[in-house]
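Each chain is listed here by its residues.
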Amino acid sequence: MANQELIEALRAADAVQYGEFELSHGGTSDYYVDKYLFETDPHCLSLIAEAFAERLDGTKLAGVALGAVPLVAVTSVETDTPYVIARKKQKEYGTANLVEGRLDEGEEVVVLEDIVTTGQSAVDAVEALRDAGAEVNKILVVVDREEGGRENLADADIEMEALLSASDLLAGSDSDE
């Protein structure tokens, strides 16, 4: 099963950690999925790109800066599909764009994201892309923490598809390490 292979790869990269962690939205959790450990691991990146590629149909890709940039880049190469980068905050120099890369008015875009907890950063990225003229209806995510992100994205008319859920990732793990 491809999901099991990805779960094992994330665990082997030590991307699943246990303890007490503060999350970006201010809450705490007894586990943490370290995106930087799996996004800098070539085996994990390859598995993620293959899994995302199976769910794509040639639609332009977008990655949320900074975390999803490695994911969108490797998936772009895997699928031979161009991508753009959605910034969380407008830079104050150069072009001052919120969306970097070539994007045509009305172009359909699928957003790639690493981890969704509340989904707020993904919603913000989709709004930036929509403001730039993109049509965005779907987001593909590596891990859904199952903490309301899917519902918040649905409220913004965005369908979310996750490669793994937190339940998948934590099932059968040794959390008492």
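Right above here is the structure, for reference.
All figures in this text were calculated on a predicted structure; none of them were measured in a lab.

Colleague: Is there a simple way to explain the pairing of strand E4 (residues 83–86) in this structure?
Modeller: Here is the key point about a regular strand: its side chains alternate between the two faces of the sheet. Alternating residues of E4 divide into Val84 and Ala86, all buried, and Tyr83 and Ile85, none buried. Two strands pair when backbone bridges link them, and strand E3 (residues 60–64) and E4 are joined in this way by four bridges, in the parallel orientation. Along E4, the bridge assignment pairs Leu61 with Tyr83. Handedness of the β-α-β unit built from E3, helix H4 (residues 69–79) and E4 comes out right-handed. In terms of strand pairing, E4 meets strand E5 (residues 99–100) through two bridges, oriented antiparallel. Residue pairing across strands places Ala86 opposite Val99, the latter belonging to E5.

Colleague: Is there a simple way to think about the sheet that holds E5 in this case?
Modeller: The strands making up a sheet are joined through hydrogen bonds of the backbone, oriented either antiparallel or parallel. Ordered by their spatial adjacency, six strands build an open sheet running E5-E4-E3-E6-E7-E8, and the pairing between neighbours is mixed. Across the chains shown, the open sheet's two edge strands, defined by having one partner strand only, are E5 and strand E8 (159–165). Where helix H3 (residues 42–54) meets the sheet, it contacts strand E6 (108–116), strand E7 (135–144) and E8, and its direction lies at approximately 140° from that of E7. Seen against the sheet, H4 touches E3, E4, E6 and E7 and runs at an angle of roughly 160° to E3.

Colleague: Can you walk me through H3 in this structure?
Modeller: It helps to recall that an α-helix has 3.6 residues per turn; residues three or four apart then point in one direction. The terminal C-alpha atoms of H3 lie 18 Å apart, and with 13 residues this matches the ideal 18 Å at 1.5 Å per residue to within 8%. Every buried residue of H3 is accounted for by Cys44, Leu45, Leu47, Ile48, Ala49, Ala51 and Phe52. With a side-chain oxygen positioned 3.0 Å from the backbone nitrogen of His43, the residue opening H3 is Asp41.

Calculation criteria
Numbering of residues begins from 1 in every chain and follows the order in which that chain's sequence is written. For this predicted model, a pLDDT threshold of at least 70 governs which residues receive local features, and a threshold of 80 or more governs which side-chain atom pairs are given and counted, while totals over whole chains, interfaces and linings are taken from all residues. Hydrogen atoms and water are omitted, and side-chain values are computed over all heavy atoms in the structure. Type-normalised accessible area, obtained with a 1.4 Å probe on protein chains alone, sets the label of each residue: buried when under 20%, exposed when over 50%, and partly exposed for intermediate values. Helix numbers and strand numbers start at the N terminus; a helix is a DSSP run of H or I with at least 4 residues, a strand a run of E with at least 2. Pairing between strands is defined by DSSP: at least two bridges between them are needed. A crossover gets the label right-handed when its path from the first strand over the helix to the second runs clockwise, viewed with the strands pointing away from the viewer. Between two residues, a contact is recorded if the distance between any of their heavy atoms is within 4.5 Å. Note on geometry: axes are lines fitted to C-alpha atoms, helical ones only across the stretch in contact, with angles between N-to-C directions running from 0 to 180 degrees. Expected span of a helix, by definition, is 1.5 Å for each gap between consecutive residues, and there is one gap fewer than residues. Contacts described as polar in this section are N or O atom pairs within 3.5 Å, which, within protein, must combine one atom able to donate a hydrogen with one able to accept it, while residues neighboring in sequence count only if both atoms come from side chains.

Treat this as a map of the structure, not an account of what it does.
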